[in-house]
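# Structural overview
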Amino acid sequence: MLSPSFWISRPILECLMCESHELVLRVPLMPMPISTPNFNLSAAQHEEATRGVPLDLWQCTNCGHVQVGAIGNPDLQYRDYVYTTSLSPGLPEHFRRYAAQIVERYALGAGSLVVEIGSNDGTLLSFFKEEGMRVLGVDPARKIADEATARGIPTLADFFSAELASSIAGNYGRADLIVANNVIANVPSLNDFGSGIAKLLAPGGVFVFETQYGPDVIEKTLLDTVYHEHISYFFAASTCSWLRQHGLEAIEVEHVATKGGSMRMAAQPRGSNRPITAAVDAWVAAESAKGAFGQAYFAQLGIRLGEIRSRLGEVVAAARARSREVAGFGVSVGTTALLPQFGLSSELAFLCDDDPNKAAVLRGPDYTIPVVLPDVLLQRLPFAVVIFAWRYADAIVKKHAAYLGRGGTFVVPLPEVRVIQS
């Protein structure tokens, strides 16, 4: 039995940025479980956490912020988190370049204090440490934080908040640089978070963050990034307004390729001496010009999703007509997100993944799918294999060309359906 005080998910009834209740439904999506392969669950938690929870995208008509309609319990999601940065293909190299750019751009020197929020295993902070800077990580994943500390990257195993920011400033001094990469979208209390940034940032300091860019999600059909860990989907206009609420101002914004399309924004205390680049106003104006705060803009995502679901349904129907199996490739939080959106939750015979440490099954509200190693592809020869890890599709197809040679078919579902045969 779960403790009566323990909760799995809750609806979000107000805008996380401006706290308005003026939320409108923009993109209806199928429910998905809070539980994903990113974290571990006890048996009691698992039954509740694999139930379907609403995933619809809502927009605040007051400030334009976009968010999902429900939140998962952060302690459940992050205290025993298992994903680590160092294992993500290409991300350590991206962070090394990122650190070098920031050091040069903002003239950081040896002894500067760098605080990273959501520091994970300390990969990014290690590059700042190499330059002689003082570093401190903040991350709620206890095991990962302890391991990072043991490797020489001191990390507080906690959620960032205004209270914690005051404590850090008292113990370490105020930060010359605060970085937050692929974490601000996961924050359930954006205003407490913003207050914490303002408390911790030194008068001449800079706050730099990367996060999934909302228009990329909508325009590029990046549905594998839409799940309950990612509560928010950031637009430049609403983000600039949120920063102003906390005495900060955006000074730079640029597009980066991570996660299929992300926004990197830099901010400083209002009135500081760094100039505000023309890009900030340009991004805000571009969003307005494309109608990013109206229903028609979001409707395109629903239309494309319907087309993808229809194409995948044809693949399933063809397999059934031949009494053949359909399988999937890749077991991740993205897989959990895509299964219900594609209508494949009850259609897959198995999932395969190159990682031998994946759990033996993937569970959801209406499915329990076996997870096996890819050598099963040659043993069972499914009619088709849907590649949920679609960003790595070319490498997967090349590695498993023998399956194609035996008459198999790979289906890449995003950003539009692509069928690959020998």
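Report follows, based on the coordinates.

Here Asp-121 is to be found in the loop between strand E8 (113-117) and helix H4 (123-130). Buried and unpaired, Asp-121 has Arg-151 as its nearest opposite-charge partner, separated by 4.8 Å. Separated by 2.6 Å, the side chains of Asp-121 and Thr-123 make a polar contact.

All right, on to the state of the cysteines then. The tally for this structure, following the rule as stated, stands at 0 disulfides. Residue Cys-60 stays outside any disulfide, its sulfur separated by 3.5 Å from that of Cys-18, the closest cysteine. Looking at Cys-60, the relative accessible area reads 2%, which means it is buried. For Cys-240, which is in no disulfide, the shortest distance to another cysteine sulfur is to Cys-63 and amounts to 12 Å. What makes Cys-240 buried here is its relative accessible area of 7%.

One pass over the full model with this rule turns up 17 salt bridges. Note that Arg-79 is salt-bridged to Asp-158, the shortest N-O span being 3.7 Å. Taken together, the residues span a long stretch of sequence, with Arg-79 in the loop between helix H2 (74-78) and helix H3 (91-105) and Asp-158 in the loop between strand E10 (155-156) and helix H6 (162-172) at a distance of 79 residues. As a salt-bridge pair, Glu-347 and Arg-320 come within 2.8 Å of each other at their nearest N and O atoms.

This next bit is on empty space enclosed by the protein. Summed over the entire model, instances satisfying the criterion amount to 2 cavities of 30 Å³ or more. Considering only enclosed or pocket space, the largest cavity measures out at about 80 Å³ in volume. Together, Gln-101, Ile-102, Arg-105, Tyr-106, Val-208, Glu-252, Val-253, Glu-254, Arg-264, Met-265 and Ala-266 line the largest cavity. At the level of elements, H3, strand E14 (248-256) and strand E15 (262-269) are the ones that each hand at least two residues to the lining of the largest cavity. A class-by-class count of the residues in the lining of the largest cavity yields 6 nonpolar, 1 polar and 4 charged. Size it by volume and the second largest cavity reaches roughly 50 Å³.

On to the sheet that holds strand E16 (residues 326-329). Read across the sheet, 7 strands follow the order E18-E19-E17-E16-E20-E21-E22 without closing on themselves; strand pairing throughout is mixed. For this open sheet the edge positions go to strand E18 (361-364) and strand E22 (418-421), each flanked by a neighbour on one side alone.

Moving on to the packing of H6 against helix H7 (residues 190-200). Contact geometry of H6 with H7 gives a least axis separation of 7 Å together with a crossing angle of 15°. One finds that H6 runs roughly parallel with respect to H7. Viewed along their axes, H6 and H7 form a crossing whose handedness is right-handed. When H6 is examined against H7, the residues Ala-162, Ala-165, Ser-166, Ile-168 and Ala-169 are found in contact with a partner set consisting of Asp-192, Ser-195, Gly-196, Lys-199 and Leu-200. Of the residues that constitute the contact of H6 with H7, the class distribution is 5 nonpolar, 3 polar and 2 charged.

Time to look at unusual backbone geometry. Residues Leu-414 and Pro-415 are joined by a peptide bond in cis, for which omega reads -5°. Relative to the helices and strands, Pro-415 resides in the loop between strand E21 (409-412) and E22. The phi dihedral of Glu-19 falls on the positive side, at around 65°, and the residue is not glycine. If you trace the backbone, Glu-19 turns up in the loop between strand E1 (9-11) and strand E2 (23-27). The phi dihedral of Thr-221 falls on the positive side, at around 55°, and the residue is not glycine. If you trace the backbone, Thr-221 turns up in the loop between helix H8 (214-219) and strand E13 (232-233). On the basis of relative accessibility, which here comes to 1%, the residue Thr-221 falls in the buried class.

Calculation notes
- Residues numbered from 1 in each chain as written.
- Predicted model: local features only at pLDDT ≥ 70, side-chain atom pairs only at ≥ 80, totals over all residues.
- Heavy atoms only, no water.
- Helix = DSSP H or I, 4+ residues; strand = E, 2+ residues; numbered from the N terminus.
- Buried < 20%, exposed > 50% of the residue type's maximum accessible area, 1.4 Å probe, protein only.
- Lys, Arg positive; Asp, Glu negative; His and termini not counted.
- Salt bridge = Lys/Arg side-chain N within 4 Å of Asp/Glu carboxyl O.
- Polar contact = N/O pair within 3.5 Å; in protein donor to acceptor, adjacent residues only side chain to side chain.
- Disulfide = S-S within 2.5 Å.
- 1 Å grid on protein atoms, 1.4 Å probe; cavity = no way out; pocket = protein on both sides within 12 Å on 5 of 7 lines; lining within 4 Å.
- Points joined across faces, edges and corners; volume = space filled by probe spheres on them.
- Nonpolar A, V, L, I, M, F, W, Y, C, P; charged D, E, K, R; others polar.
- Pairing = 2+ DSSP bridges.
- Axes fitted to C-alpha atoms, helices over the stretch in contact; angles between N-to-C directions.
- Parallel < 35°, antiparallel > 145°, perpendicular 65-115°, else oblique.
- Left-handed = near helix turned anticlockwise from the far one by under 90°.
- Contact = heavy atoms within 4.5 Å.

As far as function goes, none of this settles anything; it's purely spatial.
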